[in-house]
Amino acid sequence: MVFSSYVFWCFFAIVISLYYVLPHRWQNRMLLVASYIFYGWWDYRFVALMFATTLVDFYVAQRIDDSETQKTRKRWLLVSIVMNLGLLATLKYFNFFIENAQGLLHTMGFEISPWTLQVILPVGISFYTFEEMSYCIDVYRRELKASRNFVDFAVFIAFFPHLVAGPILRPSKLLSQFQHPRVWKTDYFAEGLYLVLTGLFKKIVIADNMAPIADYVFLADPNTLTGPECMVGIYAFAFQIYGDFSGYSSIAQGVAKWLGFDLMHNFMMPYFATSPSDFWRRWHISLSQWLRDYLYIPLGGNRGSGWRTYRNLILTMVLGGLWHGAAWTFVLWGLFHGVLLAAVRWFNEPEAGEAPVKESKKMPLLYRLGAMALMFHLVCFGWLLFRAETLTQAWIMTTQLFTNVELTPFAKVNFSQILFFVLPLMLVEFWIYLQDDMLALTRVNWMRRGAAYAYCAAMMLLFAPEIAHEFIYFQF
Amino acid sequence: MNSSTSSFKTELRVLAVVLVALLAMEAWARREETRMYDSKMVRGIPRETAPFSSIQKKGTLFLGNSLFRDGLDADVLNAALKTDRNPVFKLAASGSSIAEWYYYFNTYFVRPQRVPELVVVGFGLSHLDDQHSVPAERLGGYCCDVQDAPRVFSEDVYDFGERVEFLEGMALSSVANREWLRHRFLSRAIRGYAEVSQEMQTVLRKPSKAKVVAPPTYQRFVRFIDSVRQQDARLILVAMPATFQYAINAEVVTTAREKGVTILDLRNVAGIYPKHFKDHTHLTPEGAAIFSRQLAKQVQQQAAAVAPR
């Protein structure tokens, strides 16, 4: 049941109709049932797994909270971490490690026939295990009291808007919203409408129309592609993944808003970033913050020597890359971003405590635009590593980019298609960027807003592609 | 009036603007539809097939997709086959396949009692397979009546979203003709779009090497044969020419033989060369004339073989 399907909106119509006639406690129970139905729609077997991990972490967090000694608290925390990471390692990474070990042993002259797992990776497992871990860690750090109400905790984990592709919400931000009756704010309907509509537009019009271009290029034999064709494929993928993931997050935020919940912005115009650190403050913000708080800072963050900081940055980003999937291309993508962050830090130590957006806004506009263009192309190079099936493919495509500059009809037509679909969105986003207000469009005159929404609706109706693609981040 | 009501009312105004814009777009789509080949052809069926109702069990229907649209030369066929007692009609809906042909036949010929004596169906590589995609919005917009919905939902369109698209296609021209409108718009806006998108679709529709493809099934094909036979009409299947060699599935051959359906194998026609194709499957007008002469000759031979009835 994906957000861009009719079945989801029928489901949501039933949920919201029941939701507003129920009292607070029953609202939570109903949302829990609805969230499990939503999740079970993919495969009912996944529900049992999520329920089991939720139950364990609910119990473990209470044991951590109730334990007097630090040693006992640590042991209970270890139970949660081992269970969650063990689950991820088994279901997501086991075959990857086994196959690589087999390859390594083969090069050393040993032949083995290892046993591999034939399992389907449960949808959204990386998202909810990270949430459960952050909950137990926060309780361990005494930043949060363990929840004593199973329904509140279970619905916090399973809350359907953010369950399968985030944002990865912190318990301190979301759990409390389940514990207290929701307070309806006057702007929630308008904001929800804006977020849902733009989210659907990004998914249906941008991502799904960019997908065939990217697929065509990345399915082709890279030796047969010209540089501009590779470039077109990379640009298309850059906007596909942005439209797909930020669209999903936006719909999640909008749907939650209509239910009276406030979720964080997961994307803030990332392609207008002027530096690597600025990019990571704008792209998949909830994961970046999770990695910062639960990995980078515990590793030592920037507290040690310069080299330790660089090591921590690179290690965090490599693990962040691996979080996306069990493949060397993801590792390389993480490494690339880690090195980029470290290199920029080495060249230009940021001023402590200064906000990144303000920092970039101090630059003259022309300089800022140049920095944006450079950063966008560095990010695009990262997407090449991310999307490539193999390292060889990534290498050949990189070589083609610089050696074969023939502008073919394929490249011309698809450059034009990218411009046709993406340019209006980018112009509006640049205006929002200049306003420094993610919801700026909800504050303009109703007629202008109506015109913008009409454009989105008309494009969705006329330019929905024949084949809808599933949300990319479901597989992570 | 509190601010909550005010905010809600403002949003209703915003939604009203959206609704007006969508209605305007629907009006534009309906106007554009009148220029569309498929639309003109389908809307013209009642008028064009009127002679079928006055002549009992006579006439020839050529039913197919763009392979027939480009591959049949109307002048050649009419000269060879058409008489006052034998009207000829060509229904060649772009991108259609066996599921749509079944509904076209029932909606426009069986139901208004205009059943021809002979139905000639042109097919290519996978048009008879159950696995060929069924565009729900086009099925709704062109091939079916509301009364077909239960059958469509139980036999052809299973997904909830596609069922909604089927109903939308019935009601809205902008949905029923979405692919065509999109293609027409982008072809005009971007030079070379038509050729590049055709090439991309061909590549992207090929099953990946890693994917295990299940053998095709032919339930819809059997259903179509039964529905034609039920009307006491004869059916001829025509394997269309292409620049590449493709196999006719053994199950198609067996089923056709068992049910007394003739297959004309015109995959290779003497005198048709690669220069007679616009792409790999669609014939040029010159190729169409050669092909149509050959087809008309074979159809006449088949008719002679069974006459008198």
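Residues numbered from 1 in each chain as written. Chains lettered and ligands numbered in written order. Predicted model: local features only at pLDDT ≥ 70, side-chain atom pairs only at ≥ 80, totals over all residues. Heavy atoms only, no water.

Colleague: In this structure, what is going on with the interface of chain A and chain B? I would like to understand it.
Modeller: Much of the literature gives interface size as the accessible area that the parts lose upon coming together. In this complex, chain A contributes 38 residues to the contact, which on the side of chain B involves 38 residues. For the chain A and chain B pair, buried surface summed over both sides reaches about 3,300 Å², with 75% attributable to carbon and sulfur atoms. Looking at the side of chain A facing chain B, the largest losses of area belong to A:Tyr6, A:Leu461 and A:Leu462, adding up to 21% of the total buried there. Linking chain A with chain B are one salt bridge, by the criterion used here. The closest approach of N and O atoms between A:Arg449 and B:Glu11, which form a salt bridge, is 2.1 Å. At the junction of chain A and chain B, the tally comes to five residue pairs in polar contact (both at pLDDT 80 or more). Looking at the side of chain A that touches chain B, the elements that each hand over two or more residues are α1 (6-19), α8 (188-219), α17 (409-435) and α18 (446-462) of chain A. The element best represented in the side of chain A that touches chain B is α18(A), accounting for 11 residues. (Contact = heavy atoms within 4.5 Å. Buried area = accessible area lost by both parts, 1.4 Å probe. Salt bridge = Lys/Arg side-chain N within 4 Å of Asp/Glu carboxyl O. Polar contact = N/O pair within 3.5 Å; in protein donor to acceptor, adjacent residues only side chain to side chain. Helix = DSSP H or I, 4+ residues; strand = E, 2+ residues; numbered from the N terminus.)

Colleague: Explain the sheet that holds strand β3 (residues 118-123) of chain B to me, please; I cannot follow it from the model alone.
Modeller: Strands pair in a sheet through their backbones, by hydrogen bonds, and they do so in one of two ways: parallel or antiparallel. Residues and elements named next belong to chain B. If you walk across this open sheet you meet the five strands as β2-β1-β3-β4-β5, and the pairing is parallel. This sheet does not close on itself; its edge strands, each paired only once, are β2 (88-92) and β5 (262-265). Sheet twist, expressed as the average angle between the axes of neighbouring strands with direction ignored, equals 20 degrees. Inspection of the sheet shows β3 paired to strand β4 (residues 234-239) by six bridges, in the parallel sense. (Pairing = 2+ DSSP bridges. Axes fitted to C-alpha atoms, helices over the stretch in contact; angles between N-to-C directions.)

Colleague: What is the right way to read the pattern of salt bridges from this model?
Modeller: A side chain with one charge may pair with a side chain of the opposite charge, provided their charged atoms come close. Residues and elements named next belong to chain A. This structure, assessed with the given rule, holds 35 salt bridges over all chains. Residues Arg148 and Asp65 are paired through a salt bridge, measuring 3.4 Å at the closest nitrogen-oxygen approach. Highlighted residues: Arg148 in the loop between α5 (125-140) and α6 (150-158) and Asp65 in helix α3 (residues 44-66), separated in sequence by 83 residues. Here the salt bridges do not stand alone but share partners, grouping Arg63, Asp65, Asp66, Lys145 and Arg148 into one network.

Colleague: How should I be thinking about the packing of α1(A) against helix α9 (residues 227-258) of chain A in this particular structure?
Modeller: The axes of two packed helices give the description: the angle between them and the distance between them. Residues and elements named next belong to chain A. Running from amino to carboxyl end, α1 crosses α9 at an angle of 25 degrees, the nearest separation of the two axes being 11 Å. Viewed along their axes, α1 and α9 adopt a mutual orientation that is roughly parallel. Of the two elements, α1 crosses α9, and the hand of that crossing is right-handed. Across the interface between the two elements, Phe8, Trp9, Phe12 and Ile16 from α1 touch Ile251, Val255 and Trp258 from α9. Per-class residue counts for the contact of α1 with α9 are seven nonpolar, no polar and no charged. (Parallel < 35°, antiparallel > 145°, perpendicular 65-115°, else oblique. Left-handed = near helix turned anticlockwise from the far one by under 90°. Nonpolar A, V, L, I, M, F, W, Y, C, P; charged D, E, K, R; others polar.)

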